[in-house]
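If you want the building blocks of each chain, they are given just below.
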Amino acid sequence: MIDRFKGLYEKDSEEEALLREIDKKRIPVHLAVIMDGNGRWAKQLGLKREEGHRKGAQSARKITEYSLRAGIKHLTLFAFSSENWKRPITEVNMLMNMLYEKLVEQKELLIENNIRLNILGEIDRLPPKLKDKLHETMDFSRSFKKMQVNLALNYGGRMEIVNAIKKMVSNGVNPSKIDERLFKKYLYTGDTPDPDLMIRTSGEIRISNFLLFQAAYSELYFTETMWPDFDLKAFCKALLDFQKRERRFGKV
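Report follows, based on the coordinates. (Residues numbered from 1 in each chain as written. Predicted model: local features only at pLDDT ≥ 70, side-chain atom pairs only at ≥ 80, totals over all residues. Heavy atoms only, no water.)

Re the overall build of the protein chain
Now for step 1: Scanning the protein chain from N- to C-terminus turns up 9 helices and 6 strands.
Now for step 2: Radius of gyration (C-alpha) of the protein chain: 18 Å, near the 18 Å computed for a compact globule of 252 residues.
Now for step 3: Referenced to the eigenvectors of the C-alpha coordinate spread, the extents of the protein chain come out at roughly 60 × 50 × 35 Å.
Now for step 4: Expressed as a percentage of its 252 residues, the buried residues of the protein chain come to 48%.
Now for step 5: Of the roughly 13500 Å² that the protein chain leaves accessible, carbon and sulfur atoms contribute 49%.
Now for step 6: On the protein chain, the mean spot of the 45 positive side-chain charges and the mean spot of the 36 negative ones are 3 Å from each other. (Helix = DSSP H or I, 4+ residues; strand = E, 2+ residues; numbered from the N terminus. Rg over C-alpha atoms; globule rule 2.2 N^0.38 Å. Buried < 20%, exposed > 50% of the residue type's maximum accessible area, 1.4 Å probe, protein only. Areas by Shrake-Rupley, 256 points an atom, 1.4 Å probe, with all protein chains shown as cover. Lys, Arg positive; Asp, Glu negative; His and termini not counted. Charge placed at Lys NZ, Arg CZ, Asp CG, Glu CD.)

Structure (structure tokens):
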């Protein structure tokens, strides 16, 4: 495992020691992250909330690289919830513009690393320029297979479940044919494996309407670390905590 992270840690550092402990055979297939704490991080440093979001975007870029190097196949990042529209319009507009900028900036990252981008949520409400860029990015990365990054945008878990039911009704699905496997196909995540590990930063201990159906058996990891400070050391600690868990799925 440690060979995959060359250049990202210093010799004899805590990061190196943590990386040596990670069992590469027990890496989660699907990691989901509630990226929380950008605003509070900025406030603690006397900065504008915008600076917290920009630093948080850098952390998202880093965890994508860490996940890729670790061998994680699916990474889901909670970027903008359906409830976030309640924030001040200036902040919402800034977030939409920043998302567009990052899609433009990271096109080469997706191409070079064979990363597929997928969007979870109702994107029709998003600004036209951003919506078009999202569709463009999903289209050109559709055949990429090394890792899939799911961005949850205008996403809400309850809304996802309700929309799945509406689609099934609209498609005339016979109720007698409905089981968990069929229902999952109508969710935004489709055939994506359920998250093995869900991380939430900033000290909040809840999942905030995120992947409600999919997270039924996810291992939950909560950390006091604010998202902008979520670095390689924090990532390694989360993986090591996950690897200490005994996942029985109801069995003895």
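Structure's up, so let's keep going.
Let's talk about the nonpolar core
Now for step 1: Among the nonpolar cores identified, the biggest contains 53 residues, and Leu31, Val33, Ile63 and Phe235 are the most heavily contacted of them.
Now for step 2: Excluding residues that lie within four positions of it along the chain, Leu31 makes contacts with Ile63, Ser67, Ile72, His74, Leu75, Thr76, Leu197, Ile199 and Phe235.
Now for step 3: Counting residues in hydrophobic clusters, the runner-up holds 11 residues, among them Leu120, Tyr188, Leu211 and Ala215. (Core = buried A, V, L, I, M, F, W, Y, C linked by side-chain atoms within 4.5 Å. Contact = heavy atoms within 4.5 Å.)

What about the pairing of strand E5 (residues 197-200)?
Now for step 1: Burial along E5 is two-sided: Leu197 and Ile199 and Met198 and Arg200, pointing in opposite directions, are all buried.
Now for step 2: Across 4 bridges, strand E1 (residues 30-34) lies against E5 in parallel orientation. Within the sheet, the bridge partner assigned to Val33 lies in E5 and is Ile199.
Now for step 3: Relative to strand E6 (residues 219-222), E5 is paired through 4 bridges, and the arrangement is parallel. Counted as the bridge partner of Ile199 is Tyr221 from E6. (Pairing = 2+ DSSP bridges.)

Worth remembering: the numbers are spatial, not functional.
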